[in-house]
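Now for the letters of each chain:
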Amino acid sequence: MTISLERLRRCSIAVDLGAARTRVYLKRKGLIVDEPSVAAVNTRTGGLIAVGTLAERMTGRTPSHIRVVRPVSGGRVVDIAMAQRMLRFLVGNKLRRAWRRKPLVSAAVCVPYDADPLAERAAVETLTGLGARRVELVDSLVAAAVGCGLPVERPEATMIVVCGAATTQVAVLSLGSIVAAERVPVGGETIAHAVVQHVRNEHALMLPSQAIRPLHLALSGAGAAMDGTEVHGRDVATGLARSVQIDIEGIRAVVQTPLTGVLDAIGAVLRRCPPDLVADLAERGIMLAGGSAGLPGFEDLLRDATGMPLHIAEHPDTCAVEGLGAMLEGSVRPVILDPLSP
Ligand SMILES: Nc1ncnc2c1ncn2[C@@H]1O[C@H](COP(=O)(O)OP(=O)(O)OP(=O)(O)O)[C@@H](O)[C@H]1O
Ligand SMILES: [Mg+2]
């Protein structure tokens, strides 16, 4: 993976293809797309019915001839053709005008730090299919750190934890590159799955995926009462619709269990770092980003377990694409140190 700021400045579009959301930044325009990475397809005709928010709302509510697909999974594009169709729809009109003035020459896309050559190839092909002649790959952790405003180019340690939909990445960066990093399969989706399983075991009720959000809100003290919140679902035995009062304290424990995997990753990364960098971190602390950074209790869990200062990014969910955007606009200092000229 190369990050040459010169080459990035020549890009006119930056794309973050996430398992949950797709974000597109257009140079001199800003964030033009922030939509769920979901497409709904008519299986009889093969035609695309909806993309983004509308397609997500169809999840679990479709007749047999409509299939809701997610072309991105676990940080990699798993269905290139569908990802291209989804992106073409999402950027559609917003890009056409800009394109007419200046044809798209280069695009930047962020990929996980441990992406294999096939995953990189899939990201490149998705963008070339959209008309990009050149595609620059950027490490999503470096992009997120830049988006959070961390001084990654300095010879000092910065630690970032990006908790997304399917995975959490933990890294220590210095001099614009990753010194040590770990990826654990914990994210918003894993936690939603754990909550669904808990309600199924405790109350014999199958929850719809849309019921998780109100529970998160109840956990953070917003929305519902703290002693219990009502959810609707399908009875496991009878199949009938039923409502139950959920004990919020029980949900709190369920949410915390998968998050301990992130603590192990932080420990593993710190053990691989030289003591100089770890000493920097004791003062500077950890930056928490990614859409799942707002999970109730996550911040306190990390702060209590590490004893280090903890900061949450200003825009935790969009920091990766904003970091890419800042590199495109040239508003950050060189990430790769240029050779000294005599
Ligand atoms: N306020 C919130 N509280 C709790 N969870 C949230 C909140 N907002 C979003 N999420 C969760 O964050 C996840 C999406 O995060 P993000 O946008 O970082 O994912 P992504 O970039 O598409 O995924 P990835 O980087 O893993 O491929 C979803 O699983 C969603 O449930
Ligand atoms: Mg992401």
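Note that the structure is predicted; figures quoted are calculated from it, not measured.

What counts, and where the lines are drawn
Residues numbered from 1 in each chain as written. Chains lettered and ligands numbered in written order. Predicted model: local features only at pLDDT ≥ 70, side-chain atom pairs only at ≥ 80, totals over all residues. Helix = DSSP H or I, 4+ residues; strand = E, 2+ residues; numbered from the N terminus. Buried ≥ 20, exposed ≤ 12 C-beta atoms within 10 Å, placed from the backbone. Contact = placed C-beta atoms within 7 Å. Domains from an automatic or database assignment. Nonpolar A, V, L, I, M, F, W, Y, C, P; charged D, E, K, R; others polar. Near = placed C-beta within 6 Å. Axes fitted to C-alpha atoms, helices over the stretch in contact; angles between N-to-C directions. Parallel < 35°, antiparallel > 145°, perpendicular 65-115°, else oblique. UniProt positions renumbered as here; feature names shortened; annotations may be inferred.

1. Details of the overall build of the protein chain
- Secondary structure assignment for the protein chain yields 11 helices and 18 strands.
- Principal-axis analysis of the C-alpha atoms gives the protein chain an extent of 80 × 55 × 30 Å.
- Taken over 342 residues, the protein chain has a buried fraction of 42%.
- Across the protein chain, the fraction of contacts at a sequence separation of at least 24, relative to all contacts at a separation of at least 6, is 64%.

2. What about the domain arrangement of the protein chain?
- Domain parsing of the protein chain yields domain 1 (5-147 + 319-329) and domain 2 (153-313).
- A separation of 25 Å is found between the C-alpha centroids of domain 1 and domain 2.
- Every contact between the two is made by 17 residues of domain 1 and, on the other side, 20 residues of domain 2.
- Tallied by class, the residues present in the side of domain 1 that touches domain 2 amount to nine nonpolar, six polar and two charged.

3. Remarks on the site of ligand 1
- The local shell around ligand 1 holds 19 residues, among which G18, A20, G164, G188 and G291 are the closest.
- Of the residues in the shell around ligand 1, the class split is five nonpolar, 11 polar and three charged.
- When we break the shell around ligand 1 down by domain, the ones giving at least three residues each are domain 1 (5-147 + 319-329) and domain 2 (153-313).

4. Re the packing of helix α5 (residues 140-147) against helix α11 (residues 319-329)
- For the pair α5 and α11, the least separation of the axes is 6 Å and the interaxial angle reads 80°. As judged from the angle between their axes, α5 and α11 are roughly perpendicular. Facing S140, A143, A144, A145, V146 and G147 of α5, the residues of α11 in contact are C319, A320, E322, G323, L324, A326 and M327.
- Here the residues of the contact of α5 with α11 are counted per class, giving nine nonpolar, three polar and one charged.

5. Focus on the UniProt feature "binding site: ATP" (unreviewed entry) in the protein chain
- Within this numbering scheme, the UniProt entry marks A165, A166 and T167 as carrying the feature "binding site: ATP" (unreviewed entry).
- By secondary structure assignment, the location of A166 is in the loop between β11 (158-163) and β12 (168-174).
- Those residues in contact with A166 that lie beyond four places of it in its chain are A19, S73, G74, P185, G187 and E189.
- Mapping T167 onto the fold places it in the loop between β11 and β12.
- A count of 22 C-beta atoms within 10 Å places T167 in the buried class.
- Apart from residues lying up to four places away in sequence, T167 is in contact with G74, G75, R183, V184, P185 and G187.

6. Things to note about unusual backbone geometry
- With a phi close to 65°, R28 is a non-glycine residue in the positive phi region.
- With respect to the helices, strands and loops of the structure, R28 is situated in the loop between β2 (21-26) and β3 (30-36).
- Among the residues examined, R28 registers 9 C-beta atoms within 10 Å and is labelled exposed.
- A positive phi angle, near 50°, is found at A204, a position not held by glycine.

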